[in-house]
Amino acid sequence: MAEESAVFGSLLRELRLAASLTLEGLAEASGVSVRGIGDLERGRRAAPQRRTVAALADGLGLDEAERERLLAAARSGRSPGYSPVGVRAFPRGIDDFVGRERELVRLAELADRAVAPHPHPHPHADGGGPGTAASGKPAVVAAVSGPPGTGKTTLALHGARQLADRFPDGQLLVDLRGMDDAPPEPAELMLGVLKALGVADRDLAKAGPQGRPGLYRRALADRRYLLVLDNARDEAQVRPLLPGSGGGMVLVTSRRMLTGLESVHRMPLGELGADDAAAFLTGLVGAERAGADEAALVEVAQRCGHLPLALRVAGNWLATRTGWSVRRLADRLALEERRLDALAAGDVRVSAAFDLSYRQLTPPAARLFRRLSLVEGPDVGAACAARLTGQMLFDAEDALEELVETGLLGVEGDRYRFHDLLRLFARTRLEAEESTEDAARARAAMDRWLLRTAVVAGRWYEPDHGAPPKTWQDSVDLSTADKARQWLQAEGANWLAALRRTAAAGDHATVVEVAEALHWFSDQWIFWGHWPEVFGTAADSAQALDDPLVEATQLNYHAWALLLCEGRHRAGLDRSAQALAAAERAGDPGQQAWAHFYRAWAHRLLGDLAAAVDHNGHAARLFEAAGDLHGTLQAMGGHGMSLLEEGRAEEAIASDQRALAFLDESGDRIEPHISRITRLNLYANTGRACLALKRWDEAVTHLQTAVNLGRDSGNTAMEGRFLITLGIALLGAGHQDRARLAFTRCLSLGADADPQSVSQAREQLARIDS
């Protein structure tokens, strides 16, 4: 077809020059775009349909002989874009197909459904034609959608090849050219399909433009065919091409989700899995070369975001540069600011594929797309995104959904996520289209909102605070403590990044305010992994503020994080000593008490029980003198732990019971969340003491209570820790099956669980199974 298209293009150029017309002149005279005429003359586009040729002929002022000559050249050069072809003539690019097993299985299931006989055939079916038994049932339509470069067309072509034998009446491919500035209209595409199906010209003429949709539906209803509608622009282009019934199957590919289509089997496509991405690269560069540095191959795949188009570009780059090692390309791709430039091979550029979709966005969506690159976390909520553009929430949601619909943004639940390479592309567009000052203002607005919201959410867990003040008005629902916790965890990476920038800018008061508001909340999310940084940064800010009381407070929080979150007992001891010194300079007995409490904790973990008892006693007396009920409870709990470490289990149980009684007597004077976490720790310590005494059933009762409290409060870290001890108690009581359930439950808790507990659960299960 390329040769025939070139013949038509040469003739068109010859006739245009003979008429002394420029491209612009012919475009104006014919109504065909400048770009379209240029593509035709260069042979980049297949010969057009008759009406386009007629328009060009009119614009050129051709006589009958020249007009017929141009029409003849066009007829000889019809391209697959207008006259679909069988699957065995499909374009190259499917022989190195990797992965997508689930999608291929789904396509096979849909194909089987498409060709299965209709259980209630049309009463007028005469059984004489192909597929007539199925002509009364709805046609099967599958829509493959996904971001640019995910391999939608490749999947469709590979699937078509595998399914070809199911569709003996034909396998047709139509390129809808959805990314073109002026993609073909449905009527033009429909005519191409009818001609490919062999519908006679006289039948087409008899039906006329108005009758062709009906002729199209009848032609497809009587055949068992596979119709691939590739690269669809939108629902309006696709909808007229979908048959109502028949024994065929239609497979649509599009960057858009095509949400408006009904009765469609949807197959969203994302990046490849890590193993498939490595296998794809290996197939392109060769097993020997890939195996020489497997770590580098994995890095290349990761820096391509496991995106098939990027992997192909990287693989082709290496395949054509035999002097390059895989490591050299991995290092080249490591530079984020150069990565997209590096992902180009010949005339194939990853960024060009992204740009086609970007240019179709509305201005508000394009602006939000660019500014989302300012978000450092892996995902973002709509309320946070709105702060980047200053939009109302509903408007921001509309823009986000446009980005999702066009494949430029992923969504999971109510969280929006960039593919890594699309984030880099958005950043390049931001740098090219917006000033540094505008970008900085957008980021600052987001940071202010994130930190302000973090303070309000965190105060749900702080004594003397609780629910947001009545003056709080925002698009985020913080009406309950659970909703506040969910927001803090969902936006954790983003408000942490905002805190870092705020500290770097020297706004120390805001840093301290945020850390103070999150102090008690941190017990709900212990193993997040960033509390040492949060409270360490706040301690540095407090020192910069030259306020010894604030400094002592933040140093105490940092000591807690070092002891519990990181298990750095010596560092925690040193930090609590600094906190004590600052509290003594401030003359504040409350923070002195907390410093003694953390020193007692550190000494206990380091095995110096005498020092632990001494400091815990100091803490208890200071808490009582200061009237700090919350602190008094912690000191009582610490005393029970020290007794247990000393081997005085019975006394530890008695101490814990006194603390529980004190907790009950204090009632609502204790903040509810502090009450809950103190109670679960006391039950857990009592359970451990019973375990030491081999009072198995009592241990199970107390530890099960602690586990339930942790689960009910959403405190995954504590639940995981206590599940391990509960499992050990159950083993001691002879309940191996229940113990297995406890250890298995610990493994299922996910990223918020204590990593040490997860490791212990695996070890215990291995012992049970050995």
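No experiment lies behind these values; they were computed from the predicted model shown.

About the cut-offs
- Residues numbered from 1 in each chain as written.
- Predicted model: local features only at pLDDT ≥ 70, side-chain atom pairs only at ≥ 80, totals over all residues.
- Heavy atoms only, no water.
- Helix = DSSP H or I, 4+ residues; strand = E, 2+ residues; numbered from the N terminus.
- Rg over C-alpha atoms; globule rule 2.2 N^0.38 Å.
- Buried < 20%, exposed > 50% of the residue type's maximum accessible area, 1.4 Å probe, protein only.
- Contact = heavy atoms within 4.5 Å.
- Areas by Shrake-Rupley, 256 points an atom, 1.4 Å probe, with all protein chains shown as cover.
- Lys, Arg positive; Asp, Glu negative; His and termini not counted.
- Charge placed at Lys NZ, Arg CZ, Asp CG, Glu CD.
- Axes fitted to C-alpha atoms, helices over the stretch in contact; angles between N-to-C directions.
- Parallel < 35°, antiparallel > 145°, perpendicular 65-115°, else oblique.
- Left-handed = near helix turned anticlockwise from the far one by under 90°.
- Nonpolar A, V, L, I, M, F, W, Y, C, P; charged D, E, K, R; others polar.
- Expected span 1.5 Å × (residues − 1).
- Phe/Tyr/Trp six-rings, centres within 6.5 Å; stacked < 30°, edge-to-face > 60°.
- Salt bridge = Lys/Arg side-chain N within 4 Å of Asp/Glu carboxyl O.
- pLDDT = per-residue confidence, 0-100.
- Pairing = 2+ DSSP bridges.
- Core = buried A, V, L, I, M, F, W, Y, C linked by side-chain atoms within 4.5 Å.

Re the overall build of the protein chain
Per the secondary structure count, the protein chain includes 37 helices and 9 strands. The C-alpha radius of gyration of the protein chain comes to 35 Å, more than 25% above the 27 Å expected for a compact globule of 770 residues. Expressed as lengths along the three principal axes of its C-alpha atoms, the size of the protein chain is roughly 110 × 60 × 60 Å. The buried share of the protein chain, taken over its 770 residues, is 54%. Across the protein chain, the fraction of contacts at a sequence separation of at least 24, relative to all contacts at a separation of at least 6, is 70%. Per element, the accessible surface of the protein chain, about 34,000 Å² overall, is 50% carbon and sulfur. Counting 88 positive and 104 negative side-chain charges, the protein chain places the averaged centre of each group 5 Å from the other.

A word on the packing of helix α33 (residues 672–692) against helix α35 (residues 716–732)
One can describe the packing of α33 onto α35 by two numbers: an axis separation of 11 Å at closest approach and a directional angle of 20 degrees. Taken together, the axis directions place α33 and α35 in an arrangement best described as roughly parallel. Here α33 and α35 pass one another in a crossing that is left-handed. Along its contact with α33, which presents Leu680, Asn681, Ala684, Arg688 and Leu691, the element α35 presents Met718, Phe722, Thr725, Ile728 and Ala729. Of the residues in the contact of α33 with α35, the class split is 7 nonpolar, 2 polar and 1 charged.

Thoughts on helix α18 (residues 363–371)
Of all the residues in α18, the buried ones are Ala365, Ala366, Leu368, Phe369, Arg370 and Arg371. If you follow the buried residues of α18, they end up packed against α17 (350–358), α19 (382–389), α20 (393–405), α21 (420–433) and α22 (436–458).

A look at helix α29 (residues 589–606)
The terminal C-alpha atoms of α29, which comprises 18 residues, lie 25 Å apart, in line with the 26 Å expected from a rise of 1.5 Å per residue. Judged by how many residues are buried, α29 sits mostly within the fold: 15 of 18 residues are covered. Phi turns positive, to about 90 degrees, at Gly607, one or two residues after α29.

Observations regarding the packing of aromatic side chains
In the structure shown here, the tally under the stated rule is 25 aromatic pairs. Ring geometry for Phe535 versus Tyr557: centroids 5.5 Å apart, planes at 65 degrees, classification edge-to-face. Note that Phe535 is positioned in helix α26 (residues 531–545) and Tyr557 in helix α27 (residues 548–565), a separation of 22 residues in sequence. Its relative accessible area of 7% is what places Tyr557 among the buried residues. Grouping aromatic residues by their ring pairs yields a cluster made of Tyr461, Trp495, Phe521, Trp525, Trp528, Trp531, Phe535, Tyr557 and Trp560.

What to know about the pattern of salt bridges
Considering all chains together, one arrives at 39 salt bridges under this definition. A salt bridge links Glu646 to Arg648; its shortest N-O distance comes to 2.8 Å. Accessibility expressed as a relative area gives 33% for Glu646, which makes it partly exposed. Using a relative accessible area of 34% as the deciding quantity, one classes Arg648 as partly exposed. Linking Arg745 and Glu719 is a salt bridge whose minimum nitrogen-to-oxygen distance equals 2.8 Å. Here Glu719 lies in helix α35 and Arg745 lies in helix α36 (residues 736–747), a separation of 26 residues in the sequence. Given the relative accessible area of 31%, Arg745 is considered partly exposed. Overall, the relative accessible area of 3% leaves Glu719 in the buried class. Counted as one network, the salt bridges with shared partners bring together Asp293, Glu299, Arg303, Arg327 and Asp331.

Digging into the confidence of the model for the protein chain
A low pLDDT means the predicted coordinates there should not be read in detail. Across the protein chain, the average pLDDT comes to 87, with 93% of residues at or above 70. Contacts for the low-pLDDT stretch residues 78–89, under 50 throughout, to residues beyond four places or in other chains number 42 contacts. Note that residues 122–134 has pLDDT below 50 and, in this model, 15 contacts with residues that lie over four places away or in other chains.

A word on the pairing of strand β4 (residues 249–254)
Counting buried positions along β4 yields 6 of 6 residues, so the element is predominantly enclosed. Burial along β4 is two-sided: the face carrying Met249, Leu251 and Thr253 and the face carrying Val250, Val252 and Ser254 are both buried.

Quick word on the sheet that holds strand β5 (residues 265–268)
Spatial strand order, β2-β3-β4-β1-β5: 5 strands in an open sheet with parallel pairing. On the outer flanks of this sheet lie β2 (171–175) and β5, each paired with one strand and no other. Each neighbouring strand pair of the sheet contributes to a mean axis angle of 15 degrees, computed without reference to strand direction. For strand β1 (residues 140–145) and β5, the ladder comprises 4 bridges, and the chain directions are parallel. Paired with Ala142 across the strands is His265, a residue of β5.

Notes on the nonpolar core
Residues Phe369, Leu372, Trp487, Trp495, Trp531 and Trp560 are the most contacted members of the largest nonpolar core, which totals 158 residues. No other element matches the 10 residues that α22 contributes to this core. When residues no more than four places from it in sequence are discounted, the contact partners of Trp487 are Trp449, Leu450, Thr453, Ala454, Ala457, Val476, Leu478 and Trp495. Membership of the second largest hydrophobic core comes to 30 residues, among which are Leu197, Tyr216, Leu229 and Leu242.

Some points on the side chain of Ser757
Its location among the elements puts Ser757 in helix α37 (residues 755–769). Ser757 sits in the buried class, given a relative accessible area of 3%. Excluding residues within four positions of it along the chain, Ser757 makes contact with Gly720, Arg721, Ile724 and Cys746.

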